[in-house]
Amino acid sequence: MTSLVRGTQLARLLGQWHALPGRRRSPDYAALAAAVRGLIADARLPLGVRLPAERELAEALRVSRTTVTAAYRELRESGHVTSRRGAGSWTTLPGGHRVASSGLWTPLDDLDMIDLGCAAPAAPVELLSAARAAAEELPRYLGGAGYHPTGIGELREAVAAAYTRRGLPTSAEQIMITNGTQHALDLVLRLTLPAGAGVLVESPTYPNALAALAARRARLTTHGLAADAGGWDADLLLGSLRQTRPRLAYLIPEFQNPTGHLMPVDLRERLVATAQATGTDLVVDESFVDLPLDGTAMPAPTAVFDRHSRVVTIGGMSKPYWGGLRIGWVRAAAPQVQRLAAARVGVDMANPVLDQLLAVHLLADADAIVAARRAELAGRRDALVAALREFLPDWRVTVPRGGVTLWTELDGPISSALARATEEVGVRLAPGPRFGLDGTLERFLRLPFTLPAEELVEAVRRIAAVRYDLDQTARPRWREPAVIA
Ligand SMILES: Cc1ncc(COP(=O)(O)O)c(C=O)c1O
């Protein structure tokens, strides 16, 4: 599944490579090699991608062919490129190491720890009254067996109505209720993805989605997101779909976890058209769609552009409401929902009825609950950004327009070492490489803003305190994996 990056595409990714910070008297070829290494380390240039021929890159960069030849030689020597006569050159990592993403879920029982591994908010106050109201309504269901593999009708109606309000006409038959978005993803993969099939994912992406894909033995290719400048590169993303023709692509267009990017509407439209042309099913994870901040206008849902049932949308209540509810859903064509329900019977049969009634009550109060959640998150995000600018001014922060996470660019490839060091001072972090699949992304850190502002500021203070000791003390050591959600 090697894909190919063209000379003009690589030139665009390289940007101002000849004027990178820290460059003084290094020759052009060394600067070019350093810039390519940077793209690989940041996962903008996926591993296993075929680089353009030397002549093509030289033309695109307007440098001599000798410069590119020398840069490729240096990259080969440092282990970032492998070449074979007749086959070309492709990107690698020194030592060829790949870090598999395993299920990263361990409960955190240390209450003194400030947990920035988990990007999920506490429950809204309305949850208790909704639970009481649900308990009172339960008798309506007690006369039946209680198994509803697609979900209880009233919750399916409520979820469908929310899609319709967003401009995506949806009937209850197109909705299946699941135990969270993660369960929705797993079921969709079970139904649609043959073992070993090709899947395109963003890099960075949500680690537990990678775990679900690993369980299906998916063969992954990645599309590297920029930390700033809008994230997706339309030309590279669509080009990669056309080249690798994956069976499925998993994308998070709304306030992408971890980068916080929002996919523009024109790319959504082109993405669906390209997926149709390449025979790729799109699994669109809308976990954060309810959480635009600062009045950000939301683009049309990706499935609006779907004419051929190529798009399966998954979503849930964990981020706007509460993860402990375990309510998610799939929106798909009605026959596909029936097939998913049939598959589910062999897995967990159905969701608890009581929890679904609770969800109906929360959704009936959505406007008030979600508005309060957005206001709370905006305040927390601003406190986190201010603390980072004060205590860690060398870190680059792109302020997200929604969602619950900041994708911070650090002042060096220190993310994992930092996460180990901060455990000593009571802060749990999810380092950048957790969000990739090959050990890249060490210059990045995901910081959620779901905790109260005082805790976020205190966490940043502690992180800053250990940051500057790192170079002396960093040593690799095994730690329990952090909770990532
Ligand atoms: C992109 C994404 N998908 C799915 C999930 C899992 O959500 P749920 O709790 O609904 O299973 C998360 C949780 O963090 C997420 O960020």
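Residues numbered from 1 in each chain as written. Predicted model: local features only at pLDDT ≥ 70, side-chain atom pairs only at ≥ 80, totals over all residues. Heavy atoms only, no water.

I keep staring at the sheet that holds strand β5 (residues 198–203) and nothing clicks. Help me out?
Across a sheet, paired strands are connected by hydrogen bonds in the backbone, their directions being either parallel or antiparallel. As summarised here, the arrangement of the seven strands in space is β4-β10-β9-β8-β7-β5-β6, forming an open sheet in which the pairing is mixed. Across the chains shown, the open sheet's two edge strands, defined by having one partner strand only, are β4 (175–178) and β6 (219–224). Put simply, the sheet's adjacent strands are angled 20 degrees from each other on average, direction ignored. Bridge count for strand β9 (residues 311–316) against strand β10 (residues 328–331) is four bridges, and the pairing is antiparallel. Among the inter-strand pairings, threonine 313 is bridged to a residue of β10, identified as arginine 331. Set on the sheet, helix α7 (residues 153–165) makes contact with β4, β9 and β10; between it and β4 the angle comes to about 120 degrees. Along the sheet, helix α12 (residues 334–345) contacts β4, β9 and β10; its crossing angle with β4, the most-contacted strand, is approximately 25 degrees. (Pairing = 2+ DSSP bridges. Helix = DSSP H or I, 4+ residues; strand = E, 2+ residues; numbered from the N terminus. Axes fitted to C-alpha atoms, helices over the stretch in contact; angles between N-to-C directions. Contact = heavy atoms within 4.5 Å.)

In this structure, what is going on with the confidence of the model for the protein chain? I would like to understand it.
A low pLDDT score tells you not to read the predicted coordinates there in detail. Across the protein chain, the average pLDDT comes to 91, with 92% of residues at 70 or higher. Overall, residues 99–107 carries pLDDT values under 50, and its contacts beyond four positions in sequence, including any with other chains, amount to 22 contacts. Per-residue pLDDT stays below 50 along residues 474–478; that stretch engages in five contacts with residues further than four places along the chain or on separate chains. (pLDDT = per-residue confidence, 0-100.)

So what exactly am I meant to see when it comes to the pattern of salt bridges here?
When the charged atoms of two side chains lie near each other, side chains of opposite charge can form a pair. With the rule as written, the count across this model stands at 25 salt bridges. Notably, a salt bridge pairs arginine 462 with glutamate 458, separated by 3.0 Å at the nearest N-O pair. One end of the pair, arginine 462, and the other, glutamate 458, are both in helix α16 (residues 453–467), four residues apart, so they sit about a helical turn from each other. Because the salt bridges share partners, they merge into one network encompassing Asp42, Asp228, Arg396, Glu409 and Arg443. (Salt bridge = Lys/Arg side-chain N within 4 Å of Asp/Glu carboxyl O.)

Even after reading the chapter, I still don't get the domain arrangement of the protein chain, so can you show me in this structure?
For interface size, the figure often reported is the accessible area lost on association. By the assigned domains, the protein chain splits into domain 1 (7–96), domain 2 (114–123 + 368–473) and domain 3 (138–367). Facing the six residues of domain 1 at the interface are eight residues of domain 3. Three residues stand out in domain 1 for area buried against domain 3, namely Gln9, Arg12 and Arg44, and they jointly supply 62% of the buried area on that side. Between aspartate 233 and arginine 12 there is a salt bridge, with the nearest N and O atoms lying 2.2 Å from each other. Inspection of the region where domain 1 meets domain 3 yields three residue pairs in polar contact (both at pLDDT 80 or more). Here the side of domain 1 that touches domain 3 is built from residues that sort into three nonpolar, one polar and two charged. (Domains from an automatic or database assignment. Buried area = accessible area lost by both parts, 1.4 Å probe. Polar contact = N/O pair within 3.5 Å; in protein donor to acceptor, adjacent residues only side chain to side chain. Nonpolar A, V, L, I, M, F, W, Y, C, P; charged D, E, K, R; others polar.)

What am I meant to see in the packing of aromatic side chains here?
Both the distance between ring centres and the angle between the ring planes are used here to describe each pair of aromatic rings. Tallied over the full model, the rule gives two aromatic pairs. Geometrically, the ring pair formed by tryptophan 407 and phenylalanine 435 is edge-to-face, given 5.8 Å between the ring centres and 80 degrees between the ring planes. Placement of tryptophan 407 in strand β12 (residues 405–409) and of phenylalanine 435 in the loop between β14 (430–431) and β15 (444–448) is noted, with a sequence separation of 28 residues between them. Assessed through its relative accessible area of 4%, tryptophan 407 is described here as buried. Here tryptophan 407 and phenylalanine 444 contribute two aromatic rings whose centre-to-centre distance is 5.3 Å and whose plane-to-plane angle is 0 degrees, an arrangement assigned as stacked. (Phe/Tyr/Trp six-rings, centres within 6.5 Å; stacked < 30°, edge-to-face > 60°. Buried < 20%, exposed > 50% of the residue type's maximum accessible area, 1.4 Å probe, protein only.)

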